[in-house]
Amino acid sequence: MITLFRWFMIKSKEIKYRLVFWNIADQVFTELAKHPEEIEKKLTDSVVKLIIGRNTESKND
């Protein structure tokens, strides 16, 4: 009986953590969908920094 109770408690915690994860993921994706211009700007800035960083590294070599 105790092992069944432990199994139930472990599974309930596991389900709770999965629900928390998906709740957070849902909130993040909802915010991304609300502000696509802001995300596009951040991605563009990151790509530009990566390209510029690689160009300056290759010039220093």
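Anyway, here's the lowdown on the structure attached to this text.

Rules of the game
Residues numbered from 1 in each chain as written. Predicted model: local features only at pLDDT ≥ 70, side-chain atom pairs only at ≥ 80, totals over all residues. Heavy atoms only, no water. Helix = DSSP H or I, 4+ residues; strand = E, 2+ residues; numbered from the N terminus. Buried < 20%, exposed > 50% of the residue type's maximum accessible area, 1.4 Å probe, protein only. Areas by Shrake-Rupley, 256 points an atom, 1.4 Å probe, with all protein chains shown as cover. Salt bridge = Lys/Arg side-chain N within 4 Å of Asp/Glu carboxyl O. Patch = residues over 30% accessible without salt bridge, like charges linked within 9 Å, V, L, I, M, F, W, Y side chains within 5 Å. Phe/Tyr/Trp six-rings, centres within 6.5 Å; stacked < 30°, edge-to-face > 60°. Expected span 1.5 Å × (residues − 1).

**Considerations on the overall build of the protein**
Working step 1: Helix and strand counts for the protein stand at two helices and zero strands.
Working step 2: Across the 61 residues of the protein, 2% fall into the buried class.
Working step 3: Roughly 6,200 Å² of accessible area belongs to the protein as shown, and the carbon and sulfur atoms make up 65% of that amount.

**Examining the pattern of salt bridges**
Working step 1: All chains considered together, the criterion is met by four salt bridges.
Working step 2: The residue R18 makes a salt bridge to E14 at a minimum N-O spacing of 3.2 Å. Within this pair, R18 and its partner E14 are both found in helix α1 (residues 2-34), separated by four residues, close to a single helical turn.
Working step 3: The class of R18 is exposed, set by a relative accessible area of 52%.
Working step 4: Under the relative-accessibility criterion, E14 is labelled partly exposed at 29%.
Working step 5: Ionic pairing is found between E31 and K34, a salt bridge with its closest N-O pair at 3.8 Å. Pair noted here: E31 and K34 are both in helix α1, with a separation of three residues, about one helical turn.
Working step 6: A residue is classified by how much of its surface remains accessible, and E31, at 41% relative accessible area, is partly exposed.

**With respect to a nonpolar patch on the surface**
Working step 1: On the surface, L4, F5, W7, F8 and M9 cluster together to form a nonpolar patch covering roughly 580 Å² of accessible area.
Working step 2: Among the secondary structure elements, L4 is positioned in helix α1.
Working step 3: According to the relative accessible area criterion, L4 is exposed, its value standing at 52%.

**A closer look at the packing of aromatic side chains**
Centre distance and the angle of the planes are the two values used to describe a pair of aromatic rings.
Working step 1: Within the structure shown, the criterion is met by one aromatic pair.
Working step 2: Judged by centre distance (5.0 Å) and plane angle (75°), the ring pair of F21 and W22 falls under edge-to-face.
Working step 3: Judged by its relative accessible area of 56%, W22 is exposed.

**Digging into α1**
Working step 1: Over its 33 residues, α1 extends 48 Å from the first C-alpha to the last, a length consistent with the 48 Å expected when each residue adds 1.5 Å.
Working step 2: Buried residues are scarce in α1, accounting for one of its 33 residues.

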